[in-house]
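# Topology and contacts: notes
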Amino acid sequence: MIVIRCPYCDELRHEEELEYGGEAEIVRPAPPESVSDEEWAAYLYMRTNTKGHHHEQWCCRAGCGQWFKVVRDTVSHEVHEILRFDGTFSHPTEE
Amino acid sequence: MRYSLLNLLAQGFNGNKGWPTAWRACEPKSRYDAVIIGGGGHGLATAYYLAKEHGITRIAVLEKGWIGGGNTGRNTTMVRSDYMFPESAAIYDLGLRLYEGLAKEINFNIMLSQRGWMTLIHDRHQMETANHKTNWLHCNGVDGEIVDRDTVRRMLPHLDIDGNPCFPVLGAFLQKRGGTVRHDAVAWGYARAADRLGVDIIENCEVLGFERQGDGIAAINTSRGRIETDSIGVAVAGHSSRIAEMAGFQLPVTSHCLQAMVSEPIKPTLDHAVISPETGVYINQTQKGEIVMGGVLDLYHSYGQRGTYPTIEKVIAGTVEMFPAFANLRLMRHWAGIVDVVPDSSPILGATPVSNMYINCGWGTGGFKAVPAGGFLLAHSIATGKTHPTAERFGLERFVTNRLVDEGAAAGIAH
Ligand SMILES: Cc1cc2nc3c(=O)[nH]c(=O)nc-3n(C[C@H](O)[C@H](O)[C@H](O)COP(=O)(O)OP(=O)(O)OC[C@H]3O[C@@H](n4cnc5c(N)ncnc54)[C@H](O)[C@@H]3O)c2cc1C
Ligand SMILES: [Zn+2]
C-alpha cells in the first residue's frame, strides 16, 4: 500500500486518499503549429514506464487538494522523495 | 504421447508412472530463425502458429521465469468477445473461435466452459448502452442478447436482486458463448503443441539486452547466453516497456497491478461468469469449486506483483453486496499480475521501430480471451514481415495518426 505525507498539509495519506497523476516532468511541446505528429504522440502517449525510481505526480485528493511530486520505487512502492512543484525540497519519507 | 481415454486407462493401471514430460527442457542454441520473448499464452501461441501455419520450426521461446508464470497463470480465466468496434470484434471473436476448436487441435483439454458471460445492468443508462452494444455485436456477426430481471433471477439464484437498494438489477447483457477457460492448460497445451513441432521452450532465461545491427537486431543477450536470430517476437505484457527500452524505443504503455483472489471451494452455486459495472467486481466459480473474484486495477503505475489490502477490501465488499451468502466464505489466496495498459484499451500488434522486431502487447486487463488470436497474428507478422489484415488497425502508428480504437469507452470495463 502506498503511504505518502503531503508536503502541503503535512498529513500522512494512504492510497485511498490520494489520486495518481502519472509521470512527472512531461512538457507540452510548443509552438503548436510547428509540432510534428511524432512529437505530439510522444507528448500525449509515450511514457518511460520506469521499473524502479519513478518521478510522478500525486494529489492530496481527500485532504488539501494540492498536487505535488514524488520519487517512488514502482516495485517496492517505497517513497524516496516528496517535492513541491516550485522545487522546494520537502522531506524524505519517515518509516 | 497422444492424450486419449485409452492412454488414460493404461497409465492408470500403470500407477501413472509412464507419462512423458509435456515439453523438453532445452539448452539455448546459439542461433534461431525466430525468437519469441515471453512464455505466456501469447508467446507460446505465437511459437505454435509460426511452426504450424508457416512451417518455421527453428524457434525458441525465452521465458525469464516459468511457462505461464505471468498474467496467463494469474488471470480470472474469463473469455468473451463482446467488443464494440468491428475491428475489435474481429480480433476477439477470432480468439474465441480458435479457443472453441483448440482442445481438439492441440490434444490438450483446455476446459473451455461456455457457461455464459453476464454483464449486470443496474440502471436505465446502462440498459441503453447495453442495447446499443448488442446492436453493434449483431452488426459484427457476434452473439449477444439482453435478458430481463426474472431471467437474471433464475440464472443467478444467489444474487441479491431484491434487497439491494444501491445496486438494483434491471437485467443483464448475456453472451452465451462466453465463459471460462482453464488458464494453465492454455499455457501448457500450447507449450506442448509447440514443442512437438520442434520449438525450443527455454525457461529461466531472461532477456537482458540486444546487439543492434543497422536498423535491426542481430543477437539477444540473455541470462543463459547470447542468441543470434533473424527475427524477434515480443509478448511480455507488463514488461513491454522494458524490452522496448532495451531495443531503443518507447511505448504508450503503463504497467499496473491487477489483483484477483479465490475463496475456499464450495459446491456448485454460481453457474455463469458475472460482472457488475457498478461494484466493479467480476466473479465466477472454478470447476474445483472456488469462487474467483477480481476488481478494477490499481490506478497507479506499478511493477509490484502482489496484492494490497485496499483492493482486497473493495473486491470483497462488492462481492458481498452482490452475493450476501458469500460473506461466509473464507479467502484462500490472493495475488496480482502486472498488466500493460494503453490509452485506448486496445492491443498493439505488428511492426516496431526495429526492423526485425514485432510486438504483441497492450492487452491490459483483458488479453487472456485473445491468446489464440494474438499468437496467430504475431506469428503472421514474424513469418511474412507484414501485418495481417485483422491486425491492421492495431499498429503502433495509430498513436501518431491519432486513430485510436477506444474500447475503453466503447465496451466499458476492460476485461
Ligand atoms: C488478476 C488478473 C485477472 C485477469 N483476468 C482476465 C480475464 O478474466 N480475462 C481475460 O481475457 N484477461 C484477463 N487478464 C489479462 C490477461 O491475463 C493478460 O492480458 C494475458 O494473460 C497476457 O498474456 P501474455 O502472454 O501477453 O503475458 P504473460 O502471461 O504475462 O506472459 C509474459 C511473459 O513474459 C515474461 N517476461 C517478461 N520479461 C521478460 C524478459 N526480459 N525475458 C524473458 N521473459 C520475460 C514473463 O515472465 C511472462 O511469463 C487478467 C490479468 C490479471 C493480472
Ligand atoms: Zn495535503
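All chains use their own residue numbering, which begins from 1 and follows the written sequence. Written order decides the labels, with chains lettered from A and ligands numbered from 1. Given that the model is predicted, a residue must reach a pLDDT of at least 70 before its local features are reported, and side-chain atom pairs must reach 80 or more before they are shown or counted; all residues, however, enter totals for whole chains, interfaces and linings. Side-chain numbers here rest on the full set of heavy atoms in the structure, without hydrogens or water.

## Side note on the overall build of chain B
Secondary structure counts use DSSP, requiring at least four H or I residues in a row for a helix and at least two E residues in a row for a strand, with both numbered from the N terminus. On a plain count of helices and strands, chain B comes out with 11 helices and 18 strands. For this measure, only C-alpha atoms enter the radius of gyration; the expected value for a globule follows 2.2 Å times N^0.38, where N is the number of residues. Expected size for 415 residues packed as a compact globule is a radius of gyration near 22 Å; at 21 Å, chain B falls within 12% of this value. Dimensions of chain B, computed from the C-alpha atoms along their principal axes, are close to 65 × 65 × 40 Å. By the burial criterion, 58% of the 415 residues in chain B qualify as buried. The contact definition used throughout considers only heavy atoms, calling two residues in contact when any of these lie within 4.5 Å. Partitioning the intrachain contacts of chain B with sequence separation of at least 6 by distance along the chain shows that 75% fall at a separation of at least 24. Charged residues are defined here as Lys and Arg on the positive side and Asp and Glu on the negative side; His and the ends of the chain fall outside this count. Here the site of a charge means atom NZ of a Lys, CZ of an Arg, CG of an Asp or CD of a Glu. A distance of 6 Å separates the average location of the 38 positive side-chain charges in chain B from that of its 40 negative side-chain charges. Residue exposure (1.4 Å probe, protein chains only): buried if accessible area is under 20% of the type maximum, exposed if over 50%, otherwise partly exposed.

## Re the pairing of strand E6 (residues 79–83) of chain A
Residue and element names in this part refer to chain A. Looking at chain direction, strand E5 (residues 67–73) and E6 are connected through 4 bridges and run antiparallel. Within E6, the residue paired with Val70 across the bridge is Ile82. Hairpin remark: E5 followed by E6, antiparallel, with 5 residues in the connecting loop; positive phi at His77, about 65°. Following DSSP output, two strands are said to pair if at least two bridges run between them.

## Thoughts on the coordination of the zinc ion (ligand 2)
Only Cys6 of chain A (SG), Cys9 of chain A (SG), Cys60 of chain A (SG) and Cys64 of chain A (SG) from the protein coordinate the zinc ion (ligand 2), and they sit 2.3 to 2.4 Å from it. Note that the zinc ion (ligand 2) binds 4 donor atoms; their angles at the metal cover 104 to 117°, and the shape is tetrahedral. In this description, a donor is an N, O or S atom within 2.8 Å of the metal centre, a cutoff extended to 3.2 Å for sodium, potassium and calcium. Water is not part of the atom list, which can make sites seem incomplete. A four-donor site is called tetrahedral if each angle lies between 85 and 135 degrees; a four-donor site is square planar, and a six-donor site octahedral, when trans pairs exceed 155 degrees and the remaining angles lie between 65 and 115; all other cases are labelled irregular.

## Concerning the sheet that holds strand E13 (residues 273–275) of chain B
Residues and elements named next belong to chain B. The strand order E5-E6-E4-E13-E14-E15-E12-E16 describes an open sheet built from 8 strands, whose pairing is mixed. Sheet topology places strand E5 (145–148) and strand E16 (331–341) at the edges, where each strand pairs with a single neighbour. Strand-to-strand twist in this sheet, taken as the mean axis angle between neighbours without regard to direction, amounts to 25°. With axes taken as lines fitted to C-alpha atoms, and helix axes fitted only over the stretch in contact, angles between N-to-C directions fall between 0 and 180 degrees. Its contacts with the sheet put helix H4 (residues 124–139) on strand E4 (117–121), E5 and strand E6 (171–175), and the angle it makes with E5 is roughly 145°. This element, helix H8 (residues 309–322), spans E4, strand E12 (254–263), E13, strand E14 (282–285), strand E15 (291–294) and E16 of the sheet and lies at about 50° to E12.

## Notes on a nonpolar patch on the surface
Residue and element names in this part refer to chain B. The patch calculation keeps residues exceeding 30% relative accessible area without a salt bridge and links them within 9 Å when they carry like charges or within 5 Å when they are nonpolar (Val, Leu, Ile, Met, Phe, Trp, Tyr). Computed with the Shrake-Rupley method and a 1.4 Å probe, the accessible areas treat only the protein chains shown as cover for residues. Whenever Lys or Arg places a side-chain nitrogen within 4 Å of a carboxyl oxygen from Asp or Glu, that contact is recorded as a salt bridge. Taken together, the side chains of Leu5, Leu8, Leu9 and Phe13 present a nonpolar region at the surface, about 510 Å² in accessible area. Note that Leu8 resides in helix H1 (residues 5–13). What makes Leu8 partly exposed here is its relative accessible area of 49%.

## Re the site of ligand 1
All names here are of chain B. Any residue with at least one heavy atom within 4 Å of a molecule or strand is counted as near it. For ligand 1, the set of nearby residues contains 37 residues, the closest of which are Glu63, Asn71, Thr72, Thr76 and Lys369. Pairs of N or O atoms are called polar contacts if they sit within 3.5 Å, as long as, within protein, a hydrogen donor faces a hydrogen acceptor (for residues adjacent in sequence, only side-chain-to-side-chain pairs). For ligand 1, a nitrogen atom lies 3.1 Å from a polar atom in the backbone of Lys64. Here an oxygen atom of ligand 1 and a backbone polar atom of Asn71 are 2.8 Å apart. Burial of ligand 1 by the protein amounts to 96% of the accessible area it has alone, namely 1000 Å². Elements that contribute at least two residues to the shell around ligand 1 include exactly helix H2 (41–54), E12 and E16.

## So, the packing of H2 of chain B against helix H9 (residues 371–384) of chain B
All names here are of chain B. Interaxial distance between H2 and H9 falls to 7 Å at its minimum, and their mutual angle equals 55°. Compared by their axis directions, H2 and H9 come out oblique. Where H2 crosses over H9, the two elements pack in a sense that is right-handed. Residues Gly41, His42, Ala45, Thr46, Tyr49, Leu50, Glu53 and His54 of H2 lie in contact with H9, whose contacting residues are Val371, Pro372, Gly374, Gly375, Phe376, Leu378, Ala379, His380, Ile382 and Ala383. Among the residues making up the contact of H2 with H9, the classes are represented as 10 nonpolar, 7 polar and 1 charged. Orientation categories follow fixed angle ranges, with anything under 35 degrees roughly parallel, anything over 145 roughly antiparallel, 65 to 115 roughly perpendicular, and all other angles oblique. In this scheme, a crossing is called left-handed if the near helix is turned counterclockwise away from the far one by less than a right angle; it is called right-handed if the turn is clockwise. Gly is put with the polar residues, along with every residue not named as nonpolar or charged; the nonpolar set is Ala, Val, Leu, Ile, Met, Phe, Trp, Tyr, Cys and Pro, and the charged set is Asp, Glu, Lys and Arg.

## What about the confidence of the model for chain B?
Here pLDDT means the predictor's own confidence in every residue, given as a number from 0 to 100. For chain B, mean pLDDT is 96; residues scoring 70 or higher make up 98% of the total. For this predicted complex, the interface score ipTM comes out at 0.94, alongside a pTM of 0.97.

## Things to note about the interface of chain B and chain A
In this assembly, 25 residues from chain B lie in contact with 22 residues from chain A. We define buried area as the total accessible area lost by two parts upon association, computed with a 1.4 Å probe and summed across both. For the pair chain B and chain A, the summed buried area comes to about 2100 Å², and 56% of that belongs to carbon and sulfur atoms. Of all residues in chain B, Tyr300, His301 and Val400 of chain B give up the largest surface area on contact with chain A, accounting jointly for 32% of the area buried on that side. Inspection of the region where chain B meets chain A yields 1 salt bridge. The closest approach of N and O atoms between Lys314 of chain B and Glu16 of chain A, which form a salt bridge, is 3.4 Å. Counting across the chain B and chain A interface gives 19 residue pairs in polar contact (both at pLDDT 80 or more). Taken together, the elements giving at least two residues each to the side of chain B that touches chain A come down to helix H7 (240–247), E12, H8 and helix H10 (398–401) of chain B. The class makeup of the residues in the side of chain B that touches chain A is 11 nonpolar, 10 polar and 4 charged.

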